[in-house]
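Structure at a glance
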Amino acid sequence: MIDFKKTIAKAIAEVVNIDEKELETYIEIPKDANNGDYAFPCFKLAKELKKAPPMIANDIKNNIKIDEEIIEKVEVAGGYLNFYIQQSLIVKDVLEEIANYDEYGKSEIGKGKTIVIDYSAPNIAKPFHIGHLRSTVIGGALYNIYKYLGYCTIGINHLGDYGTQFGKLIEGYKLWGKEYNVEEDPINELTKIYIRINQLCKEDEKVLEQCRMNFKLLEEGDSYCTEVWEKFRSLSLKEFQKVYDLLGSQFDSWNGEAFYSDKMPEVIDILEKTGKLQESQGAKIIDLEDKGINTPCIIQKSNGSTTYATRDLAAILYRARTYDFDKALYVVSYEQTLHFKQVFEVAKLLGIDEKYTNGLKHVPFGMVSLPTGKMSTREGNIVKLEELLNESIARAKTIIEEKNPDLENKEEVAKKVGVGAVIFNDLSNSRIKDEIFDWDQVLNFQGETGPYVQYTYVRTKSVLEKAGYMPKIEEVKFDNLLDEASKNCIKLIYNFENTLVQVTEKEEPSILSRYLIDLAKAFSNFYNDNKILVEDKEIQNARVYLTYAVGKVLKIGAKLLGIEMPDKM
Ligand code: ARG
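Only a predicted model underlies this, so the values are computations on that prediction, with no experimental measurement involved. (Residues numbered from 1 in each chain as written. Predicted model: local features only at pLDDT ≥ 70, side-chain atom pairs only at ≥ 80, totals over all residues. Heavy atoms only, no water.)

Moving on: the overall build of the protein chain. For the protein chain, the count of helices and strands is 22 helices and 12 strands. Based on the C-alpha atoms only, the size of the protein chain along its principal axes is roughly 85 × 70 × 35 Å. For the protein chain, the residues scored as buried account for 54% of the 569 residues in total. Here the protein chain has roughly 26200 Å² of accessible surface; of this, 46% comes from carbon and sulfur atoms. In the protein chain, which carries 74 positive and 91 negative side-chain charges, the distance between the mean positions of the two groups comes to 1 Å. (Helix = DSSP H or I, 4+ residues; strand = E, 2+ residues; numbered from the N terminus. Buried < 20%, exposed > 50% of the residue type's maximum accessible area, 1.4 Å probe, protein only. Areas by Shrake-Rupley, 256 points an atom, 1.4 Å probe, with all protein chains shown as cover. Lys, Arg positive; Asp, Glu negative; His and termini not counted. Charge placed at Lys NZ, Arg CZ, Asp CG, Glu CD.)

Written as structure tokens, this is what we have:
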């Protein structure tokens with residue numbers, strides 16, 4: 001497609017003698033379409049050119065050479081230069097691209113770059129809860145989008161399958177394993193054991209000591225501890241897989257924390273050699289005071305066992321060597337901000353290239369709370385994600401039953417709508433915001449929701465079905481799509497790839513979900529303003545084609561977020 005920004009930047013560069021790449025970054029898209037399709041804010045050049053912005057604007061306007069087939073007119077508005085693109089050219093450009101590429105918006109801009117994304121990472125023997133959903137969904141969307149833009153993308157599920165809590169679980173299992181049906185309902189039963197052993201640890205210091213010992217034994221490869229641990233792990237994974245199947249999640253690597261157990265001595269060794277590793281009450285720590293971090297990073301506990309942080313350091317070393325990444329993202333709740341600050345700082349001592357340490361990035365997100373309150377495993381007060389998804393599917397089914405009782409494949413549609421609603425809800429606000437999970441909002445077909453986007457897509461499908469044919473792109477006269485509502489749809493479709501790029505620049509999938517809402521709304525306006533199926537074949541062809549284009553982009557966009565589109569609902 002024609003890159004209008006680039007075209008404009010190039011034309012301005014010829015007048016002002018400033019690098020066109022720099023100029024391109026200044027170009028804006030005006031909120032009000034009356035101010036043109038693109039605007040150049042001349043005050044950005046005032047200092048360099050030593051002139052007032054309106055004067056610069058006038059100078060450029062008088063001297064700029066523009067291709068009239070591309071740009072219809074240029075106007076000065078105060079310190080701004082507004083550019084109006086030939087509308088039928090945008091229409092042609094967009095629709096031809098839609099016609100020629102199944103994977104509209106796909107690009108190669110990430111070619112040669114590797115992005116590691118660490119996401120989901122639930123903890124073995126603990127419920128996969130709504131907090132992990134956010135990581136799974138945000139990480140999954142970023143994964144898909146980076147990949148679509150041509151990056152080599154590695155998705156890692158850094159399972160919480162190691163740590164002192166396993167010392168506790170092993171102890172609980174040893175004491176009461178027979179009382180619980182762990183095989184049948186692993187996570188629930190193990191959670192009960194975990195709650196019970198925690199209680200006992202509070203009452204009896206000796207038990208707590210034994211738990212710590214168990215973890216140490218596990219690290220040393222003790223056969224009983226290892227066997228029990230493996231059992232917990234495989235039973236838990238089987239449970240997690242049910243959620244991943246519902247969500248359609250995939251990972252390239254399942255190397256969890258335990259994978260690094262034999263890779264930590266090297267980390268400790270390297271840190272030892274830097275002279276920065278200090279003894280503190282029997283533990284080994286790195287002081288980070290001079291880096292502005294008040295809490296030291298604990299590398300080894302006083303009983304010799306390793307920590308969550310050490311495992312993350314070993315993982316950084318391993319990922320740098322194995323994947324040679326350009327960026328490594330950690331999609332983890334903001335509660336762990338301090339942890340990542342510490343780990344990323346200590347990583348600078350590992351002797352790896354700066355390229356790697358500069359590429360480490362925590363992608364934090366806000367907490368989800370439910371009307372029933374906060375969640376914590378220890379108290380046993382949690383909502384399980386599998387139950388939540390199934391509830392959403394059931395609710396979607398009830399709504400479909402009411403609205404469209406004759407629909408075929410109701411189960412399948414309910415699944416797409418129910419799961420899609422939960423995913424979209426999680427991605428619809430900027431990720432850092434805390435979120436209250438509210439069913440009425442999640443499944444509202446009229447609100448800014450997943451079901452609304454799906455419903456709009458289904459509408460495009462039914463228009464195409466009613467038309468009963470699909471015009472060839474050669475049969476479309478682009479001049480028939482110059483009304484406001486059509487133009488809005490076209491402009492949005494034109495901006496699709498750019499929207500994906502913005503998602504990766506900010507690691508913010510909500511930019512794409514907002515975009516899909518905007519496109520769905522633009523289509524509703526188009527649909528309300530214009531009859532699509534009309535006598536005049538020429539007009540009808542154009543409108544049918546635009547309908548097809550909107551549907552296509554909605555579907556691709558939703559898929560990138562991890563949401564499936566039903567054909568009917
Ligand atoms: N398992 C951890 C938790 O549930 C998240 C792990 C995130 N990834 C990492 N590399 N630390 O809190």
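Still more ground to cover, so stick around.
The next subject is the site of the ligand. Around the ligand sit Asp118, Ala121, Asn123, His132, His158, Tyr308, Asp312, Tyr330, Val332, Gln336 and Phe340, and those are all the residues in its vicinity. Contact between the ligand and Tyr308: a nitrogen atom at 2.7 Å from a side-chain N or O atom of the residue. For the ligand, whose unbound accessible area comes to 350 Å², protein coverage reaches 88%. (Near = heavy atom within 4 Å. Polar contact = N/O pair within 3.5 Å; in protein donor to acceptor, adjacent residues only side chain to side chain.)

Here the focus is the pairing of strand S1 (residues 38-41). Side-chain alternation along S1 places Tyr38 and Phe40 on one buried face and Ala39 and Pro41 on a second face that is also buried. Judged from the 4 bridges that link them, S1 and strand S3 (residues 80-85) form a sheet pairing that is antiparallel. Bridging across to S3, Phe40 finds its partner in Leu81. (Pairing = 2+ DSSP bridges.)

Here the focus is the sheet that holds strand S7 (residues 283-286). On the basis of which strands lie adjacent, the open sheet formed by 3 strands has the order S6-S7-S8 and antiparallel pairing. Edge positions in the sheet fall to strand S6 (277-280) and strand S8 (297-300), since each has one partner strand and no second. Averaged over all adjacent pairs, the angle separating strand axes in this sheet is 45 degrees, with direction ignored. Pairing analysis gives 3 bridges linking S7 to S8, with the strands arranged antiparallel. Considered in S8, the bridge of Lys284 is made with Gln300. (Axes fitted to C-alpha atoms, helices over the stretch in contact; angles between N-to-C directions.)

For the rest of this paragraph, the subject is the sheet that holds S3. Where strands meet in a sheet, backbone hydrogen bonds hold them as pairs that are either parallel or antiparallel. One open sheet holds the 3 strands; their spatial order is S1-S3-S2, and the pairing between them is antiparallel. Single-partner strands in this sheet number two, and they are S1 and strand S2 (71-77). Each strand axis lies, on average, 20 degrees off the axis of its neighbour in the sheet, ignoring direction. Note: S2 against S3, 6 bridges, orientation antiparallel. Across the sheet, the residue bridging to Val76 is Leu81, located in S3.

Turning our eyes to something else, we now look at the packing of aromatic side chains. Here the structure, examined in full by the defined rule, presents 28 aromatic pairs. On the numbers, 4.9 Å between centres and 40 degrees between planes, the contact of Tyr119 with Phe251 is tilted. With Tyr119 in the loop between strand S4 (114-118) and helix H6 (130-148) and Phe251 in the loop between helix H10 (223-247) and helix H11 (264-274), the pair connects residues that are 132 residues apart, well separated along the chain. The exposure class assigned to Phe251 is buried, which follows from its relative accessible area of 11%. Taken together, a centroid distance of 5.9 Å and an interplanar angle of 75 degrees make the contact between Tyr260 and Tyr318 edge-to-face. Residue Tyr260 is located in the loop between H10 and H11, and its partner Tyr318 is located in helix H12 (residues 308-323); the two are separated by 58 residues in the primary sequence. You can call Tyr260 buried: its relative accessible area is 1%. (Phe/Tyr/Trp six-rings, centres within 6.5 Å; stacked < 30°, edge-to-face > 60°.)

Further remarks concern the packing of H6 against helix H20 (residues 496-506). Taken N-terminus to C-terminus, the directions of H6 and H20 make an angle of 125 degrees; their axes are 10 Å apart at the nearest point. The pairing of H6 with H20 is recorded here as oblique in orientation. For H6 against H20, the interelement crossing comes out left-handed. Packed against H6, whose contacting residues are Leu142, Ile145, Tyr146 and Tyr148, the element H20 presents Leu500, Val503 and Thr504 at the interface. (Parallel < 35°, antiparallel > 145°, perpendicular 65-115°, else oblique. Left-handed = near helix turned anticlockwise from the far one by under 90°. Contact = heavy atoms within 4.5 Å.)

Once that is clear, we can look at the side chain of Glu507. Tracing the backbone shows Glu507 in the loop between H20 and helix H21 (510-529). At 2.8 Å, the side chain of Glu507 and the side chain of Tyr146 are in polar contact. Here Lys327 takes part through its side chain, which lies 2.9 Å from a polar atom of the side chain of Glu507. Residues within four places of Glu507 in sequence aside, it is in contact with Leu142, Tyr146, Lys327, Leu329, Lys361, Val363 and Arg431.

Time to look at the packing of helix H1 (residues 4-16) against helix H4 (residues 53-63). Running from N to C, H1 and H4 cross one another at 105 degrees; their axes reach a closest spacing of 9 Å. In terms of orientation, H1 lies roughly perpendicular with respect to H4. Residue-level contacts link Ile12, Val15 and Val16 of H1 to Asp59, Ile60 and Asn63 of H4. Partitioned by chemical class, the residues of the contact of H1 with H4 number 4 nonpolar, 1 polar and 1 charged. (Nonpolar A, V, L, I, M, F, W, Y, C, P; charged D, E, K, R; others polar.)

On to the nonpolar core. Core analysis: the biggest nonpolar cluster contains 158 residues, and Leu23, Phe40, Phe83, Leu95, Ile493 and Leu512 have the highest contact counts within it. In terms of residue count, helix H22 (residues 537-561) provides more of this core than any other element does, 12 residues in total. If near-sequence neighbours (up to four positions away) are discounted, Phe83 is found in contact with Ile8, Ile12, Gly36, Asp37, Tyr38, Phe40, Ile64, Ile71, Lys73 and Val74. Counting 36 residues, the second largest nonpolar core, distinct from the first, contains Ile154, Leu277, Ile299 and Ile316. (Core = buried A, V, L, I, M, F, W, Y, C linked by side-chain atoms within 4.5 Å.)

A cluster of acidic residues, Asp479, Glu535, Asp536 and Glu538, forms a negative patch at the surface. Relative to the helices and strands, Asp536 resides in the loop between H21 and H22. (Patch = residues over 30% accessible without salt bridge, like charges linked within 9 Å, V, L, I, M, F, W, Y side chains within 5 Å. Salt bridge = Lys/Arg side-chain N within 4 Å of Asp/Glu carboxyl O.)

When the terminal C-alpha atoms of helix H7 (residues 164-176) are compared, their 19 Å separation across 13 residues agrees well with the 18 Å that a helix rising 1.5 Å per residue should span. Counting buried residues along H7, 10 of its 13 residues qualify, which places the element largely inside the surrounding structure. Listed as buried for H7 are Gln165, Phe166, Gly167, Lys168, Leu169, Ile170, Glu171, Gly172, Tyr173 and Trp176. Packed against the buried residues of H7 are helix H8 (186-203), helix H9 (205-219) and H10. (Expected span 1.5 Å × (residues − 1).)

All right, on to the pattern of salt bridges then. All chains considered together, the criterion is met by 37 salt bridges. Taking the shortest distance from any N to any O, the salt bridge between Arg134 and Asp426 comes out at 2.6 Å. Taken as a pair, Arg134 in helix H6 and Asp426 in helix H16 (residues 410-427) lie far apart in primary sequence, 292 residues in all. Exposure class is identical for Arg134 and Asp426. Each is buried.

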